[in-house]
2 protein chains.
Amino acid sequence: MLLSKLFIPITKDLPAEAKIKSHQLMLRTGMIRQSSAGIYSWLPLGFKVMKKIEKIVREEQNNIGAQEMLMPTIQSSDIWKESGRYDDYGEEMLRISDRQNREMLYGPTNEEQITEIFRSSVKSYKLLPQIFYHIQWKFRDELRPRFGVMRCREFYMKDAYSFDLNENEAVLSYNKMFYAYLKTFKRLGLRSIPMKAETGPIGGDLSHEFIILADTGESKIYTDKRIFNISTDKYSNDSNSLKKMRDDFSKFYAVTDDKFNQEDFNKKVNKGDQLETKGIEVGHIFYFGDKYSKPMNCTVDSKDGKKTFVKMGSYGVGVSRLVAAIIEAKYVNDKMKWPKSVAPFDVVIIPSINKKDMSNLEKALKVYNDLRNKGIDVLLDDIEESITNKFKKHDLLGIPYQIIIGSKITQDKFEFKESDKEAEITDINKIIKILKK
Amino acid sequence: MLLSKLFIPITKDLPAEAKIKSHQLMLRTGMIRQSSAGIYSWLPLGFKVMKKIEKIVREEQNNIGAQEMLMPTIQSSDIWKESGRYDDYGEEMLRISDRQNREMLYGPTNEEQITEIFRSSVKSYKLLPQIFYHIQWKFRDELRPRFGVMRCREFYMKDAYSFDLNENEAVLSYNKMFYAYLKTFKRLGLRSIPMKAETGPIGGDLSHEFIILADTGESKIYTDKRIFNISTDKYSNDSNSLKKMRDDFSKFYAVTDDKFNQEDFNKKVNKGDQLETKGIEVGHIFYFGDKYSKPMNCTVDSKDGKKTFVKMGSYGVGVSRLVAAIIEAKYVNDKMKWPKSVAPFDVVIIPSINKKDMSNLEKALKVYNDLRNKGIDVLLDDIEESITNKFKKHDLLGIPYQIIIGSKITQDKFEFKESDKEAEITDINKIIKILKK
């Protein structure tokens, strides 16, 4: 992509409500634009990052055998009345009357809808276990939406639902998702901690939040830092290994402030291993048994022919929220610092250009085409402005690698720089090798 | 994918309202499930097809330099009041009050929203031309939603918007999109005819509908069949070639029944070239100048420093509708017949299985893994049922190729069949070669 063609409408005068860094940086780099309170448009740069996150989330769901589908945004109130949540949900649910005065709503979550689909078609234990997921827009009519896309009203979420015959098997589905989440957040360049959590309005008896570390996080967290030594790589997607994984994580103290107890902390964690920091919730998983299947009469025939309520769990990852969460976790000195896996571009080429001498731009275009032909997602800054301004701009954008085409280059060597590291003078083949890694 | 794991909840008792073939077939093959009137869930099989269509639509938008972004589904009524369409739009617009009693709506289209984004950030002709697109859910509160996803309330659509300094350049943007649409529909395996159209509620003075041929189509069409001899391949994305393309298409008579005139038809088209058939609208493009930029005061500074209203066009493709439209255009004798580009799977392996002899299933699993390793999207029917039932089921599903593992196979040769063609006995390497084409 040529920067001169890329639509990055930068917000220069930050609105007063842009209080946190990710919100400010997303506006300053033209990633999003507010459409109305708590509702945002995703402009090309923000859209690209969100799609890269979505792809990683999707791949890790597929890897554990979850099947993708897509439920609509607008739901009938009927199924919510069946489950008993229609009244419970309160004003955060966006309620709608259609032209025929039917009570509809914009789905804040999909337990009811997936249960309805499941009960209408699955009758036998033979089709279990099943895990379904979809990645769809949701709406929560927050009274005070804030922090940009971190706490907005219309948000993009991956939600998955598991169906099992009994609790044992349901815990296996739960563990699979636990595993998929650890892998997902790792690929996103994040350090995540699974924490035992309250089940809240979803209900049920087993739940974990996945919290990522960020100094500016909303939740205070207290943990044993040895939890970070657990390597996800040593587990595999089978029941024994997954059980071991859950056991290994549960050995370490890790709580948010609502559950924190200083005495407990001191007793369970050596002073030297204690870590008090902040974090952002990016995922939440629940096992809730027959909380929905019972009121909605969702049964299957078990082996002995008896009707059994299916045992369900649900599993959410905030895809749009993750864009902001990654910025909060990674930014350095007021500048973005994108992990390679989700950066809006793999690399940016920055030629020093002036009206009298276009030779650097020509060289840059050649490199640009070479890299594109290798399947590398490259941005070329073809705008005529001072190199100082260019550096400022690209430091702010935080693309992981820069190729600088200025006075230091020779016929076939370029200045190549990984963000926050020293530049080196090297040739295109080595650059391609590093970028393809 | 193993068929035993795939969630295909087949609707056996078709509802009375499933009157057209695509609706029936989508229910019979478990592609969709109705959630409420005119609102559908996309189950795994339907979801896969829709995503493949979306990918082709996206690639052809990118090929003409359109930039992808994503606007929210819920809009404020304010911008619709500015354009003057809030009252015009009538009951088809799903109107919503949020908890603070602000007037919101579920976007049926996005001219206002994109104009608002554009006017707030682009001030100079230097940033023109621009084409933006997004692929997002829309809602039209149809009084009588019908024909399944063909005329539903919540639907998935690609809508693009062009911004130009003057009419000449705007027509170039229009022609680019015309070109992208021809290429898109061709890749989807469809024969499309661009027809001069009324501009309707969008307004403006230049408009084409893209109609695909289908015996069961909603519109009657009258055309000179020589229009199908025009090969899209001979045009390229530059202004002269695109002008020639538009001229070439306009030479041939092609109208829907609202514009049909028998005398005209006979005068302009030789009897032997006359084609009367039916079609389905799958795309619609509009040039409407300053219809929105003027009331919404969206201007740029032109070269001579004067403020000019930008000249806009909008361009829609019904992505969810296309799933049904492709079925209508392609089905044969009550069975699906998917074009290779959007088939839910590239190939299905059908082993004849019985309890006493699992050797065919073992062979099938080996072929399955070989094909998957080559990046081929393959379905394996691992279900134990009679081969006759299997054939019936797979004829209905319409996957383009079948590998049959029954009595006719030898150690390294398999029965390989393209739908509607004779089977041949061949080896895995030749099969891979054909599937990778």
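**Looking at the sheet that holds strand β21 (residues 424–427) of chain B**
Residue and element names in this part refer to chain B.
Phase 1: Spatial ordering of the open sheet is given by β18-β17-β19-β20-β21, a layout of five strands whose pairing is mixed. Unpaired on one side and paired on the other, β18 (378–380) and β21 mark the two borders of the sheet. In this sheet, adjacent strand axes meet at a mean angle of 30° when their direction is disregarded.
Phase 2: Sheet topology note: the strand β17 (residues 347–351)/β18 ladder contains three bridges and is parallel. Paired with Val348 across the bridge in β18 is Leu379.
Phase 3: The sheet contacts of helix α10 (residues 359–373) involve β17, β18, β19 (401–405) and β20 (413–418), and relative to β17 the element is tilted by about 165°.
Phase 4: Its contacts with the sheet put helix α12 (residues 428–436) on β17, β19, β20 and β21, and the angle it makes with β21 is roughly 100°.

**Description of the environment of Ile56(A)**
Residue and element names in this part refer to chain A.
Phase 1: With respect to the helices and strands, the residue Ile56 is situated in helix α2 (residues 44–63).
Phase 2: Sequence separation between Ile56 and Phe132 is 76 residues, and the spatial gap between their C-alpha atoms is 17 Å.
Phase 3: Those residues in contact with Ile56 that lie beyond four places of it in its chain are Thr184, Arg187, Leu188, Ser341 and Val342.

**Digging into the interface of chain B and chain A**
Phase 1: Every contact between the two is made by 58 residues of chain B and, on the other side, 58 residues of chain A.
Phase 2: The contact between chain B and chain A buries some 4,700 Å² in all, and 55% of this surface belongs to carbon and sulfur atoms.
Phase 3: When the area that chain B buries against chain A is broken down by residue, the three leading residues are Phe7(B), Leu70(B) and Arg99(B), summing to 16%.
Phase 4: Linking chain B to chain A there are six salt bridges.
Phase 5: For the side of chain B that touches chain A, the per-class residue count stands at 28 nonpolar, 14 polar and 16 charged.

**Side note on the pairing of strand β6 (residues 103–106) of chain B**
Both faces of the sheet carry side chains from a regular strand, because those side chains alternate between them.
All names here are of chain B.
Phase 1: Relative to β6, strand β4 (residues 74–76) runs antiparallel, the two sharing three bridges. For Ser76, the partnering residue across the bridge sits in β6 and is Met104.
Phase 2: Alignment of strand β5 (residues 94–97) against β6, held across four bridges, turns out to be antiparallel. Counted as the bridge partner of Arg95 is Leu105 from β6.

**Things to note about the confidence of the model for chain A**
Note that predicted coordinates carrying low pLDDT should not be read in detail.
Phase 1: Looking at chain A, pLDDT values average 93 and 98% of them are 70 or higher.
Phase 2: For this predicted complex, the interface confidence comes out at an ipTM of 0.95, alongside a pTM of 0.96.

The rules behind these values
- Residues numbered from 1 in each chain as written.
- Chains lettered and ligands numbered in written order.
- Predicted model: local features only at pLDDT ≥ 70, side-chain atom pairs only at ≥ 80, totals over all residues.
- Heavy atoms only, no water.
- Pairing = 2+ DSSP bridges.
- Helix = DSSP H or I, 4+ residues; strand = E, 2+ residues; numbered from the N terminus.
- Axes fitted to C-alpha atoms, helices over the stretch in contact; angles between N-to-C directions.
- Contact = heavy atoms within 4.5 Å.
- Buried area = accessible area lost by both parts, 1.4 Å probe.
- Salt bridge = Lys/Arg side-chain N within 4 Å of Asp/Glu carboxyl O.
- Nonpolar A, V, L, I, M, F, W, Y, C, P; charged D, E, K, R; others polar.
- pLDDT = per-residue confidence, 0-100.

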